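# Tertiary structure, described
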Amino acid sequence: QGKERLWVFSGQPRMPRIVSEDKGKTWTEMKPLGIECTMTFCSVPRLKDGSYVGLYHREPQVLQMQTTDGGVSWSEPRVVAEVQGKVPCEPFAFRSPDGKELCCLMRENTHQGRSLMMFSLDEGQTWSRPQDTPWGLTGDRHMGVYAPDKRLVIAFRDKAHGSSTRDHRLHHRGQQAGA
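Anyway, here's the lowdown on the structure attached to this text. (Residues numbered from 1 in each chain as written. Predicted model: local features only at pLDDT ≥ 70, side-chain atom pairs only at ≥ 80, totals over all residues. Heavy atoms only, no water.)

### Here's the deal with the packing of aromatic side chains
Under the definition given, this model contains six aromatic pairs. Their ring planes at 80 degrees and their centres at 4.9 Å tell us that Phe9 and Phe41 sit as a pair that is edge-to-face. Pair noted here: Phe9 is in strand β1 (residues 6–9) and Phe41 is in strand β4 (residues 39–43), with a separation of 32 residues, a long-range link. What makes Phe9 buried here is its relative accessible area of 18%. When the ring of Phe41 is compared with that of Tyr56, the centres are 5.8 Å apart and the planes differ by 80 degrees; the resulting orientation is edge-to-face. Taken together, the positions of Phe41 in strand β4 and Tyr56 in strand β5 (residues 52–58) put the pair 15 residues apart, joining distant regions of the chain. (Phe/Tyr/Trp six-rings, centres within 6.5 Å; stacked < 30°, edge-to-face > 60°. Helix = DSSP H or I, 4+ residues; strand = E, 2+ residues; numbered from the N terminus. Buried < 20%, exposed > 50% of the residue type's maximum accessible area, 1.4 Å probe, protein only.)

Set out below in structure tokens:
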């Protein structure tokens, strides 16, 4: 509704939060969301209808909540990723270059294999079953942006077994959209 808000969420206790409606000049403490979590929202992508979906984890699951009022209120959490024998966490969701799909990269917290990824073609209403990422995206705390040349640049801490850059921060550049 044209109201710009900056939010800071914390994991404990029970997802407390503060908000600024003046571009960070002043901050107001809001009532905690009251949600148990291991780590608060790792990404909050905007959906086509203007709402936002917040993804977070509470071991051993990744959950999501949705807000239609700019973060003031949130839906009840629902589990969107759970993988037997693995611990998905730190979900980073982003939109495909054509805008039709959401992808979510997740750390695999046992570090016994590759990171995980899942996809949604319906704005986060449903997600595919989590699957292993390519070896080159195995790591922790994925974050990404689109570069001016339309390539997606994803930064993360390398956790791939046998990698010469293990435990270093890396970036992975995809191909240009449409290439």
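### Remarks on the environment of Arg157
Note on placement: Arg157 falls in strand β13 (residues 152–158). With 50 residues separating them in the primary sequence, Arg157 and Arg107 have C-alpha atoms 9.9 Å apart. Among all residues touching Arg157, those that are not within four sequence positions of it are Arg107, Thr138, Gly139, Asp140, Arg141, Asp167, His168 and Arg169. (Contact = heavy atoms within 4.5 Å.)

### Quick word on the sheet that holds strand β7 (residues 78–82)
By way of backbone hydrogen bonds, the strands of a sheet pair with one another, either parallel or antiparallel. Here four strands make up an open sheet; going across it, the order is β4-β5-β6-β7 and the pairing antiparallel. Both outer strands of the open sheet, β4 and β7, are each paired with one neighbouring strand and no more. Sheet twist, expressed as the average angle between the axes of neighbouring strands with direction ignored, equals 35 degrees. Pairing geometry for strand β6 (residues 61–67) and β7, over four bridges, is antiparallel. Bridging across to β7, Leu63 finds its partner in Val79. (Pairing = 2+ DSSP bridges. Axes fitted to C-alpha atoms, helices over the stretch in contact; angles between N-to-C directions.)

### Some thoughts on the sheet that holds strand β10 (residues 116–120)
If you walk across this open sheet you meet the four strands as β8-β9-β10-β11, and the pairing is antiparallel. Strands with a single pairing partner mark the edges of an open sheet, and in this sheet they are β8 (88–95) and β11 (131–132). Note that β8 and strand β9 (residues 102–108) share six bridges and pair antiparallel. For Phe92, the partnering residue across the bridge sits in β9 and is Leu105.

In short, the description is geometric, and any link to function would need to be established separately.
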